[in-house]
Amino acid sequence: MNSLKNIVYKFSSAGFRRHLGVSMGKFQFYALKAPVVGKMIWREKIKRLSDKPHHVSLELTSVCNAKCIMCPRHNMEREMKVMDFNLFKKIIDDCAELGVKRFGLNGYGEIFTAKKYYAQFIDYLQSKIPDAVIIINTNASLMWEEQAQYLIDKKIDTVHVDIDGATKKTFETVREKLNFEDVVNNTKRLIELRKAQGKILPKVRVGMIVQKENDHEYKQHYEMWKDVADYTSQDYMVSRLSSVVKYKEEKIVGHPCSLPFFDLNIWSDGNAVMCCDDWNAEEKMGNVMNSSIKEIWNNDKFKNVRKLHQEGRAAELSTCSKCDWSRPGPGWFQAHFEG
Ligand SMILES: C[S@@+](CC[C@H](N)C(=O)[O-])C[C@H]1O[C@@H](n2cnc3c(N)ncnc32)[C@H](O)[C@@H]1O
Ligand code: SF4
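This one's a predicted model, so the numbers in the text were calculated from it and none came from an experiment.

**Q** For this particular structure, what's the right way to read unusual backbone geometry?
**A** Backbone geometry follows two general trends: most residues other than glycine have a negative phi, and most peptide bonds adopt the trans configuration. With an omega of 0°, the peptide bond running from Leu 201 to Pro 202 counts as cis. Relative to the elements of secondary structure, Pro 202 occurs in the loop between helix H9 (180–196) and strand E7 (203–210). A positive phi angle is found at Lys 155, which is not glycine, with a value near 50°. Relative to the elements of secondary structure, Lys 155 occurs in the loop between helix H7 (145–153) and strand E5 (158–162). Assessed through the 13 C-beta atoms surrounding it within 10 Å, Lys 155 is described here as partly exposed. Even without a glycine there, the phi angle at Lys 177 is positive, about 85°. Checked against the element boundaries, Lys 177 lands in the loop between strand E6 (175–176) and H9. According to the C-beta neighbour criterion, Lys 177 is exposed, with 12 such atoms within 10 Å.

If you want it as structure tokens, here you go:
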């Protein structure tokens, strides 16, 4: 019965749209592997998305209960706090007017530390944009039964939990201050509760940020989660704009990037940044307290960032010059804009 529901969901328009929404990476992959299809997809996407973000990431809180060794947030100079609810409402009202449908509740904090508030935020978002696609990142340490049931009741699309070790020792070395058993049990409980209730959402992705301390366990991690979670991933860590020491050195400077064309990240103090890696808000694009999302997305600063990326001159931007994500090269990117 559950698998039938899964199939129906997959081919329903909501399921298909949600699937597409979550799969930007796949588009980029196909675009690279199949240039003709890729070209068409990008042209269409850019036509439709130019005046508004495709995805808005909201940091509901910058407070966290962990001290992960690969996360730069413990050096954060910006205020560590829960986003003001009126500010959140303003952002959501703006997004509703613009037709933004895809949200990541992410940033550099842990959503479930905002114990009294997370539901208020999500309830408001869904009341204004009932068909919003919502993706939540959590360390799962505080995702007890109450929180898990809430995520199921609210039909959250994806819950992404990174569990950076297959053993207690390794996990607790990487995710300092967290308890391995709690995180594993909380994640499994969410999946089991959902299945027991015959529900298909949230999909649960269990990932691993691969680094020196846990590289020897990535296969074990895959084996541990491949039949339990809906998705599993094992990805190398990034340096978050050269803020933490990267495990595998692979510095790529000056490549264009799709993020300034699709994503807007808004931190808990209202500052909007052009990249999810900009954890300390080094390159502010504006603040939603005094500008609308549309104004920020279309302001001269943002336009200049996109221009530099299209021209293959991203390294002229201080943030982008420190980026070490693998990006498709300038020729490819330009061809999809101009060809
Ligand atoms: C900053 S955390 C905030 C959400 C939540 N506290 C959590 O840990 O999932 C967002 C995501 O960044 C990932 N992350 C942290 N440091 C990273 C790094 N250096 N490279 C790649 N991903 C990283 C986390 O594993 C998590 O999936
Ligand atoms: S990765 Fe997440 S849980 Fe770990 S310190 Fe950063 S914000 Fe906190």
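What follows continues from the structure just given.
**Q** Sorry if this is basic, but what is going on with the site of ligand 2 here?
**A** Neighbouring ligand 2 are Cys 64, Ala 66, Lys 67, Cys 68, Cys 71, Arg 73, Tyr 108, Gly 109, Glu 110 and Asn 139. Residue classes in the shell around ligand 2 are distributed as 5 nonpolar, 2 polar and 3 charged.

**Q** Looking at this structure, how should I read helix H13 (residues 300–310)?
**A** Since the α-helix turns once every 3.6 residues, residues separated by three or four places project in the same direction. For H13, every residue scored as buried is listed here: Phe 302, Val 305 and His 309. Viewed along the axis of H13, the buried residues span an arc of 60°, placing them on a single side of the element. Away from its buried face, by an angle of more than 90 degrees, H13 presents the exposed residues Asp 300, Lys 303 and Lys 307. Where H13 is buried, its residues touch helix H11 (259–262), strand E11 (284–287) and helix H12 (293–297).

**Q** I would appreciate a short explanation of the packing of helix H5 (residues 85–98) against helix H6 (residues 118–128) in the present structure.
**A** A packed helix pair is summarised by two numbers, namely the angle formed by the two axes and the spacing between the axes. With their axes 10 Å apart at the nearest point, H5 and H6 run at an angle of 25° to one another. Taken together, the axes of H5 and H6 lie roughly parallel to each other. Crossing geometry of H5 relative to H6 is assigned as right-handed. Contact residues: Phe 85, Phe 88, Lys 89, Ile 92, Asp 93 and Ala 96 in H5; Gln 120, Phe 121, Tyr 124, Leu 125 and Lys 128 in H6. Tallied by class, the residues present in the contact of H5 with H6 amount to 7 nonpolar, 1 polar and 3 charged.

Definitions and limits used
Residues numbered from 1 in each chain as written. Chains lettered and ligands numbered in written order. Predicted model: local features only at pLDDT ≥ 70, side-chain atom pairs only at ≥ 80, totals over all residues. Helix = DSSP H or I, 4+ residues; strand = E, 2+ residues; numbered from the N terminus. Buried ≥ 20, exposed ≤ 12 C-beta atoms within 10 Å, placed from the backbone. Near = placed C-beta within 6 Å. Nonpolar A, V, L, I, M, F, W, Y, C, P; charged D, E, K, R; others polar. Arc of directions from axis to C-beta. Contact = placed C-beta atoms within 7 Å. Axes fitted to C-alpha atoms, helices over the stretch in contact; angles between N-to-C directions. Parallel < 35°, antiparallel > 145°, perpendicular 65-115°, else oblique. Left-handed = near helix turned anticlockwise from the far one by under 90°.

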